[in-house]
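Spelled out from the first residue to the last, the chains are:
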2 protein chains.
Amino acid sequence: MNFDFSVFLVILSVEMNFNKYPSHMQKRYFLSEDDIPRQWYNIQADIPVKPMPMLDPLTREPVTVDGLSRLFSVECSKQELNQSDRWIDIPDAVMEKYRYYRSTPLVRAYALEKAIGTRSHIYFKNESVSPIGSHKLNSALPQAYYCSVEGVTNVTTETGAGQWGAALAYAAKIFNLESAVYQVKISYEQKPYRRSIMQVFGAQVTPSPSMSTRAGKDILTRTPYHQGSLGTAISEAVELARMTHGCKYTLGSVMNHVTLHQTIIGLEAEKQMEMAGEYPDVVIGCFGGGSNFGGISFPFMRHNFTGERNTRFIAAEPAACPKLTQGKFEYDFGDEAGYTPLLPMFTLGHDFQPSNIHAGGLRYHGAGTIVSQLLKDGYMEAVDIEQLESFEAGCLFAKAEGIIPAPESCHAIAAAIRVAREYDAAGSSKTILFNLSGHGLIDMAAYDQFLAGNMK
Amino acid sequence: MNFDFSVFLVILSVEMNFNKYPSHMQKRYFLSEDDIPRQWYNIQADIPVKPMPMLDPLTREPVTVDGLSRLFSVECSKQELNQSDRWIDIPDAVMEKYRYYRSTPLVRAYALEKAIGTRSHIYFKNESVSPIGSHKLNSALPQAYYCSVEGVTNVTTETGAGQWGAALAYAAKIFNLESAVYQVKISYEQKPYRRSIMQVFGAQVTPSPSMSTRAGKDILTRTPYHQGSLGTAISEAVELARMTHGCKYTLGSVMNHVTLHQTIIGLEAEKQMEMAGEYPDVVIGCFGGGSNFGGISFPFMRHNFTGERNTRFIAAEPAACPKLTQGKFEYDFGDEAGYTPLLPMFTLGHDFQPSNIHAGGLRYHGAGTIVSQLLKDGYMEAVDIEQLESFEAGCLFAKAEGIIPAPESCHAIAAAIRVAREYDAAGSSKTILFNLSGHGLIDMAAYDQFLAGNMK
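The rules behind each value
Residues numbered from 1 in each chain as written. Chains lettered and ligands numbered in written order. Predicted model: local features only at pLDDT ≥ 70, side-chain atom pairs only at ≥ 80, totals over all residues. Heavy atoms only, no water. Least-squares fit on C-alpha atoms with pLDDT ≥ 70 in both. Domains from an automatic or database assignment. Buried area = accessible area lost by both parts, 1.4 Å probe. Salt bridge = Lys/Arg side-chain N within 4 Å of Asp/Glu carboxyl O. Polar contact = N/O pair within 3.5 Å; in protein donor to acceptor, adjacent residues only side chain to side chain. Helix = DSSP H or I, 4+ residues; strand = E, 2+ residues; numbered from the N terminus. Nonpolar A, V, L, I, M, F, W, Y, C, P; charged D, E, K, R; others polar. Buried < 20%, exposed > 50% of the residue type's maximum accessible area, 1.4 Å probe, protein only. Contact = heavy atoms within 4.5 Å. Pairing = 2+ DSSP bridges. Axes fitted to C-alpha atoms, helices over the stretch in contact; angles between N-to-C directions.

Engineer: Any details on the relation of the copies chain A and chain B? Residues and values, ideally.
Structural biologist: The transformation that overlays chain A on chain B combines an axial shift of 0.0 Å with a rotation of 180 degrees, and the residual RMSD is 0.0 Å. Overall, the copies show the geometry of a two-fold rotation axis.

Structure (C-alpha cells):
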C-alpha cells in the first residue's frame, strides 16, 4: 500500500487541533494522571542571591541536617537545606495520594471577568477541590509519608484556621501515624467545624496557648487571656515533638521544604496555561508564611531568572499583618517561645499579636526566608488588603463563579481585581493568574458578619 | 514518499493504548468538556409500565402542561409530562454553566476497598465537587434558566438540609432572578452555614413553617412547635409562587423533570465506567425524593429494559423515613397543605413527621412517581439504613478516601459496604457504583455528635 505520509500528517494535525480547541470557550483545564508532574521544583538551586543561613537558636551557628532532623523528618531536613538539586522526585506513595485530587483544575474566570468588566483574562488554579478543601494537603502528604518511612509514630503540628491541621490529620491517618494538633485558640472557637474535621480523621486537637506545655504555661502566665497565634501554637507543637520519643514536628508553611512541596501547584498550572494557549503576565497568591504564594509562583519565576519571561509576582497579605510591606528584614524566631531556628526574614517580631481577622491562615508574624530574599531583591511585589476589601472581592467572586472562597483566598482575589482594574485604567489587557488556595464553607460565620455590615 | 500504512496504524494503536491505560492504577476519570453529554435521558420514553397520571388536586383530572405551568416554568412542565422523547437537549446556556464543574470525577475507591477488605471493585461518582457541594446544581441551573427565558422575575422553593436551596440561590443569581427559599426549621437551626451560603448568593431565607403564608399559619396553629418538614416548606413556597405575579416555583427532587436533569450524572458515569473498562453490576444512590437515585441509575437502567444488561439498582433510604420499604403505594399530595398535584407514589402520608435525623435531604414522605412505579414492577430494590450505620460508614469512608460525605450520601456508602460484604461472604466479586451526592463539611455538628457517642 502506497501512501502520502505528509497528507496524512496534515489531516492528523487538523484532527488533533480540533480536539484540542473545543468550539465553546473552554472553562477548565485538567492534566491526565500521567501528566501530573513527578518532581517538585527547588528554587534554591536557581535563586540569584541565596538567602542567609538559618541559625541554631542556641549556638547561633548555621543549622545542619542533623540539627534540623531532631525536629523534622530527615528527608524534609535535607530538602530544607538543598541548594543544588533543581528537581526533587516525588515519592511513588505520595504520587498515589496526589492522584486522589490532582490535577486540580485551572479555571478561566469568565464570569468574574464579566462582573468587573475587565479586558484582561483572569485564570485561577482551584486548590479548593482538594478533599480537605485547600492546598495544604500537598505538603501534609509528603511530610507524613517521610515520617512514616523513617519509623516515626507520632506527628505534631500547629494550625491557624484549621486548614493545615485538617490536611495533616488526614495525611497522618493514611500513613498510620498518630497526630496531635495545636490550634490557635481564637480559630478553635470561631471555627468549630474544622476541629471536628480533624477529629473525624482521628487527631487530638488542643487550643493554643494551653496548659499542656511549658511554652503554653509561660505565655498564659504573661497574658492570661491570650487568644493564640501561629507563633504560640508552633511553640507548643515543637515542645511536644522535642519531649516525645518517636514524635516529629510538621508544619504548614514558612519553611523551604513546605514551599517545595507546594510547587506542584505552579508546575501543573504552567502545563495547564499552555493548554489554554496563554502565559501569565501576573501571578498572585495570598500570603501567610509564603508556601501558597511560592507554590504558585516559583515554577513561573524560574523563567524570569533566565530572562526568558518578565512576569509580575504579587503577594497579597492582610493589612492587619503587614510583614512584607511594613516588617523589618532581620533574623527572628519562627515561634513565640524562641524554640525554632532563627530565620533571616521580613518580620513584625515573633511576639506580634495580630488582630482577630477571619483569615486565620495569614495571621503569622514572618515570611519564609526564600520569599523574603526575593522581595528584598525585587523579584516580587507585595500588597496589603483590608479585610473589608477582601470579603467584598470574595462575595463578588462567589456570585460570579459559584465558589465561596476561604477568607485567605479572598486576599488573592482582591489583588487580582485591583490589578485588572489598574490595567484597564491604563488601557491595556493582561493575563492574570491567581491561586484559589481554599474554599470558605467552614468560614460562613465570617460571611455572616460581612453581610450584616458588622465587619471592620 | 512510500509508506506502509498498516504498520503505522499498529504503532499508532499501541501508542494510544499506552496513553489510555497509565502504568499506575488510575484513580479518577474525567470527560473532556466536549465529551460532556449534551442531552438528558428521559426514562419516561422507555419505562415498561408507564406511571399512572398525576391528578389536579381540585378536579382530580390528569394534570396538563397548562395546569402545571401555573406553578412551574412551561418548559419544565412539558418535560414533566413528556413520555415520547428519549433524549432532551440541554440548552447551551445551561451547558456553559455545567462546564463550571462538570464532568465530575468518577473515582475508584481503592482505599475504601482496602479498608473493608473486599474483593469487589467500588467506584463512586463524586458530585460533591460541584461549587455548591452537591448534585443539586444539575437541576437548579436548567430550572432557573427556563424561568429566566420565560420572563419570570422571581423564583421560590423549599430546602431541607439546604443543599437544594444553596444551588437554587446560586442558579437564580447567575440567571438574574430573585429567589426566596423556605428552609425546614430544624435544618435552619441545625445548619446555619447553609443559610449563610444562600444569603451570600442573595436569597431571602425563611424558616418553615412560618407566619408568612396561610399554609404556614395553619400548620403552626395546629402544631405550635412544628419543626418543619419538606412537606411544610413546599406548601409555603408553592403558596408564595401562586400569590406572586411573575413568580414560579422550583423544586429539588420528586418530580420527573428534576430527575431528568439529574441523569447527567449517570450519563457521564456510563462514559467514565467505559474509560475504566468496567460496567457496574450494582448501582446505588441514597433516596429522598428520588432525583439523586434516578440521576445515577436511569441511564444504566435503560440497558436492563432492553435485556442487554442485568444491573441491580438499590435505593438507600433512612430507617427513620422508610417510604419505599414500609410506605403504601397510593395517590398522595407532595406537600403538607395539599397544594401540589396528587401523585401515584410510595408514601408515608403527606402529614408524616420524620424524626430529626441529620440527613435532612432524605426526610421526605414520598417517592417520585417513576421510581415508585419501577419499585412496584421490580426494576429496583430499596434498603433501610439506620442513622448510626450511615455515620459509621461515612467515617470509614472519610478516613480512607479523605472526603467527608454528606449525611445523605452516608446512606449510599453504607449500602455499598453492605453489598460488597454480602458478595464477599458469597465468594464472589462485583463492580459496585454509588453516587456521592455531596460533602458533609456543613454537617460537622452531626459528626461531632457521632464521635461523642451521642447519636441514636
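There's more to say after this.
Engineer: Talk me through the domain arrangement of chain A; I want residue IDs and the actual numbers.
Structural biologist: Residues and elements named next belong to chain A. Examined at the domain level, chain A breaks down into domain 1 (43-90 + 136-249) and domain 2 (94-134 + 259-451). Domain 1 and domain 2 are separated by 21 Å when their C-alpha centres are compared. Around 5,000 Å² of area is buried between domain 1 and domain 2 when both sides are counted, 65% of it from carbon and sulfur atoms. Three residues stand out in domain 1 for area buried against domain 2, namely Ile43, Ile90 and Asn138, and they jointly supply 14% of the buried area on that side. Linking domain 1 to domain 2 there are two salt bridges. The tally of links from domain 1 across to domain 2 stands at 18 residue pairs in polar contact (both at pLDDT 80 or more). Those elements that place two or more of their residues in the side of domain 1 that touches domain 2 are helix 3 (74-81), strand 3 (87-89), helix 6 (137-149), helix 7 (163-174), helix 8 (185-190), helix 9 (192-200), helix 10 (214-222) and helix 11 (230-243). Taken together, the residues that form the side of domain 1 that touches domain 2 break down as 37 nonpolar, 16 polar and nine charged.

Engineer: Could you give me a rundown of unusual backbone geometry, with the residues and numbers involved?
Structural biologist: In this structure, the amide linkage connecting arginine 102 of chain A to the following residue, serine 103 of chain A, adopts the cis form with an omega of -5 degrees. Position of serine 103 of chain A among the secondary structure elements: in the loop between helix 4 (92-98) and strand 4 (106-108). Notably, asparagine 176 of chain B is not glycine yet its phi reads approximately 60 degrees, a positive angle. Along the chain, the position of asparagine 176 of chain B falls in the loop between helix 7 (163-174) and strand 7 (178-184).

Engineer: Account for the pattern of salt bridges, with residues named and values stated.
Structural biologist: Residues and elements named next belong to chain B. Following the criterion strictly, the structure yields 27 salt bridges over all chains and no others. A salt bridge links lysine 125 to glutamate 268; the nearest nitrogen and oxygen atoms lie 2.7 Å apart. Remark: glutamate 268 occurs in helix 12 (residues 256-275) and lysine 125 occurs in strand 5 (residues 121-126); sequence separation between them is 143 residues. With relative accessibility at 0%, the residue lysine 125 sits in the buried group.

Engineer: Describe the side chain of histidine 365 of chain B, naming the residues involved and giving the relevant values.
Structural biologist: Following the sequence through the fold, histidine 365 of chain B ends up in the loop between strand 13 (342-347) and helix 15 (369-376). Ignoring any residue separated from it by four or fewer positions in sequence, one finds histidine 365 of chain B in contact with Lys323, Asp332, Phe333, Gly334, Asp335, Met345, Phe346, Thr347, Leu348, Gly349, His350 and Phe352 of chain B.

Engineer: Please set out the sheet that holds strand 10 (residues 282-286) of chain A residue by residue, giving values where relevant.
Structural biologist: Residues and elements named next belong to chain A. Read from one edge to the other, the open sheet built from seven strands follows the order 1-4-5-15-10-11-14, with strand pairing classed as mixed. Of all the strands in the sheet, just strand 1 (28-29) and strand 14 (381-385) have a single pairing partner and so form its edges. Bridge count for strand 4 against strand 5 (residues 121-126) is three bridges, and the pairing is antiparallel. By the bridge assignment, valine 107 is partnered in strand 5 with phenylalanine 124. Sheet contacts for helix 13 (residues 291-305): strand 5, strand 10, strand 11 (312-318) and strand 15 (431-436); angle to strand 10, the most-contacted strand, approximately 160 degrees.

Engineer: Lay out the side chain of glutamate 408 of chain A with the relevant residues and their values.
Structural biologist: Residue and element names in this part refer to chain A. Its place among the elements puts glutamate 408 in helix 17 (residues 407-425). Classification of glutamate 408 as buried rests on a relative accessible area of 4%. Side-chain polar atoms of glutamate 408 contact the backbone nitrogen of glycine 361, separated by 2.8 Å. Setting aside residues no more than four positions away along its own chain, glutamate 408 makes contact with Ala161, Gln163, Cys286, His358, Ala359, Gly360, Gly361 and Leu362.

Engineer: Explain the interface of chain A and chain B residue by residue, including any values.
Structural biologist: Facing the 54 residues of chain A at the interface are 55 residues of chain B. Together, the buried faces of chain A and chain B total about 4,800 Å²; carbon and sulfur atoms form 63% of this surface. Considering only the side of chain A, the residues that lose the most area to chain B are Tyr100, Tyr193 and Val200 of chain A, jointly responsible for 15% of the buried surface there. At the junction of chain A and chain B, the tally comes to two salt bridges. Note that aspartate 448 of chain A and arginine 195 of chain B form a salt bridge whose closest N and O atoms lie 3.7 Å from each other. There are 18 residue pairs in polar contact (both at pLDDT 80 or more) connecting chain A and chain B. If one sorts the elements of the side of chain A that touches chain B by residue count, helix 9 of chain A sits on top with six residues. Per-class residue counts for the side of chain A that touches chain B are 30 nonpolar, nine polar and 15 charged.

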